[in-house]
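Residues per chain, in single letters:
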Amino acid sequence: MKDLISNINKVFESRVRLGIMSVLMVNETYDFNGLKETLNVTDGNLASHLKALEEKGIIKVNKQFIGRKPNTSYSATEAGIAEFRQHLKALENLIKEQ
Amino acid sequence: MKSDTKSIEDIKAIRKIMEESSRFLSLSGLSGVFIGITAIAGALVAYFFILDGSIHYNEYFRNLPAEESFSLRWQLISDAAIVLLLSVLLALFFSIKKAKRDGKNFWTPISRRLLINLLIPLFTGGVFVFILMLQNNIQLIVPCFLIFYGLALVNAGKFTFGEIFYLGILEIITGLVSAFVPGWGLIFWIFGFGILHIIYGLAMFRKYGA
C-alpha cells in the first residue's frame, strides 16, 4: 500500500495540472490560448499552474513570434512524460486495489 | 473510499481531455450528405450543359476545334471550382453549427492542425490538376482529384474521427480504378465525391448526430 501511494505524484494533484498534462501527452505542442479554451480556466489560474510545472521541469516553454505577435506554446519534457505516466499508473493501481 | 472515486474521476477527465484536445470532433456528418449532393449536381451540370450529354468526354474533346475545347475546359474547371467552394462552405457551416450546439470552440489548435494537414495534399492536387488542364491532359483529371483528395483525408484522419481515414482510402481506390478506365470520369466523380460522401454522411449522422 505504501508503494502505491509513493508513486502518486504531488505535482499532479490539481485538476488543472492533470488537464495540462493530458493535453501535452497527446499533442507535441499546444499554445496558451488553446490550453485555456480546452481546460476552461482563467488566464491567471492557468499561468500559475504552467509556471509551477515549468519550474519542476515537467514542461518546457517555447516562445516565438508569429508575424509580429508573440506566441507562447508548451510541450511536455521527456522527464515530465515519464513522471505523468507513473502517476497515471499509480492512479489506476489505486482503483484496482479497492 | 473517497480517494478512490476521486481517482476514477481524474482518469475519466484525463481521457476526455486527451480525446478532445487531439481530435476535432465537431466535424459535421450531415455536411457530407449535402457535399455529396452538390458534387452530383455539379456532375449533372457538366453532363447536360457543358458536355452536351456526352459521358465520354475524352472523345468529345478530341473531335472539337481547339478554340472550343479551350473554352469547354474553362467551363469544366469553373464548374468543379464552384462545387469545391460550395463544399467547403457547407462543411464549415455545419461544423461551426455543431460546435456551437455542443458548446465547443470551432477555431482551436486542433482544428488548425486538421486544416493544414488537409490543405497540403489538396492544394498540391489542385495545382497538379491545373497543370494537366493546361496541357490538355483531360483524362487524368478526375483520377487526380480523387487520389489527392483521398490522400488529404488520410492525412487529416489523425485529427478528427477515424472514419475519415477510411473514407480517404476509398477515395484513393476509386481514383486509381478510374485511372484504369479512361473516359468514365464523370461516373467516378459521381461515385467518389457524390455517393461515398452521402453514405459517409448518413453513417456519421446516425453514429454521432449532426
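Residues numbered from 1 in each chain as written. Chains lettered and ligands numbered in written order. Predicted model: local features only at pLDDT ≥ 70, side-chain atom pairs only at ≥ 80, totals over all residues. Heavy atoms only, no water.

A.B. asks: I tried to follow the pattern of salt bridges on my own but got confused; where do I start?
C.D. replies: Close approach of charged atoms lets side chains of opposite charge pair. The final tally for this structure, using the stated rule, is seven salt bridges over all chains. Note that B:Glu9 is salt-bridged to A:Arg15, the shortest N-O span being 4.0 Å. Placement of B:Glu9 in helix H1 (residues 2–22) and of A:Arg15 in helix H2 (residues 15–26) is noted, with the two residues assigned to different chains. Linking A:Asp31 and B:Arg112 is a salt bridge whose minimum nitrogen-to-oxygen distance equals 3.7 Å. Taken together, the residues span two chains, with A:Asp31 in strand S1 (residues 30–31) and B:Arg112 in helix H5 (residues 109–134). Because the salt bridges share partners, they merge into one network encompassing A:Arg15, B:Glu9 and B:Asp10. (Salt bridge = Lys/Arg side-chain N within 4 Å of Asp/Glu carboxyl O. Helix = DSSP H or I, 4+ residues; strand = E, 2+ residues; numbered from the N terminus.)

A.B. asks: Would you take a moment to explain empty space enclosed by the protein for this structure?
C.D. replies: Rolled over the atoms, a probe sized like a water molecule indicates the empty space that remains. Residues and elements named next belong to chain B. For the structure on display, the rule yields three cavities of 30 Å³ or more. Computed from the structure, the largest cavity encloses a volume of approximately 260 Å³. Lining of the largest cavity is provided by 17 residues; of these, Leu-76, Ala-80, Ile-141, Val-142 and Trp-189 occupy positions nearest its centre. Elements with a contribution of two residues or more to the lining of the largest cavity: helix H2 (29–50), helix H4 (66–101), helix H6 (141–156) and helix H8 (185–208). Ranked by residue count, the leading element in the lining of the largest cavity is H4, at five residues. Classifying every residue of the lining of the largest cavity gives 15 nonpolar, one polar and one charged. (1 Å grid on protein atoms, 1.4 Å probe; cavity = no way out; pocket = protein on both sides within 12 Å on 5 of 7 lines; lining within 4 Å. Points joined across faces, edges and corners; volume = space filled by probe spheres on them. Nonpolar A, V, L, I, M, F, W, Y, C, P; charged D, E, K, R; others polar.)

A.B. asks: What should I look at first to understand H4(B) in this one?
C.D. replies: It helps to recall that an α-helix has 3.6 residues per turn; residues three or four apart then point in one direction. Look at H4(B): 53 Å from first C-alpha to last across 36 residues, which is about the 52 Å you get at 1.5 Å a residue. With its phi angle positive at about 65 degrees, B:Gly103 sits one or two positions after the end of H4(B). (Expected span 1.5 Å × (residues − 1).)

A.B. asks: Whenever I open this one, the layout of surface pockets confuses me. Can you help?
C.D. replies: All names here are of chain B. Volume-wise, the largest pocket comes out at about 1,200 Å³. Around the largest pocket sit 44 residues that line it, and Leu-84, Val-88, Leu-118, Leu-122 and Tyr-149 are the ones nearest its centre. Breaking the lining of the largest pocket down by element, the ones donating at least two residues are H2, H4, H5, H6, helix H7 (163–180) and H8. The element best represented in the lining of the largest pocket is H5, accounting for twelve residues. Of the residues that constitute the lining of the largest pocket, the class distribution is 34 nonpolar, ten polar and no charged. Taken as a whole, the second largest pocket spans an internal volume of roughly 590 Å³.

A.B. asks: Just to check I follow, could you spell out the side chain of B:Asn117 for this structure?
C.D. replies: Counting through the fold element by element, B:Asn117 comes out in helix H5. Those residues in contact with B:Asn117 that sit more than four places away from it in its chain are B:Ala152, B:Asn155, B:Ala156 and B:Phe159. (Contact = heavy atoms within 4.5 Å.)

A.B. asks: Explain the packing of aromatic side chains to me, please; I cannot follow it from the model alone.
C.D. replies: Within a pair of aromatic rings, the relevant descriptors are the distance that separates the centres and the angle that separates the planes. Within the structure shown, the criterion is met by 13 aromatic pairs over all chains. Between A:Phe12 and A:Phe84 the ring centres are 5.2 Å apart and the planes differ by 80 degrees, which places this aromatic pair in the edge-to-face class. In this pair, A:Phe12 sits in the loop between helix H1 (2–7) and H2 while A:Phe84 sits in helix H5 (residues 78–97), placing the two residues 72 residues apart along the sequence. Here A:Phe12 matches A:Phe84 in class, with each residue buried. Ring centres of B:Tyr149 and B:Phe193 lie 5.4 Å apart, and the angle between their planes is 55 degrees; on these two criteria the pair is classed as tilted. In this pair, B:Tyr149 is assigned in helix H6 and B:Phe193 in helix H8, connecting sequence segments 44 residues apart. (Phe/Tyr/Trp six-rings, centres within 6.5 Å; stacked < 30°, edge-to-face > 60°. Buried < 20%, exposed > 50% of the residue type's maximum accessible area, 1.4 Å probe, protein only.)

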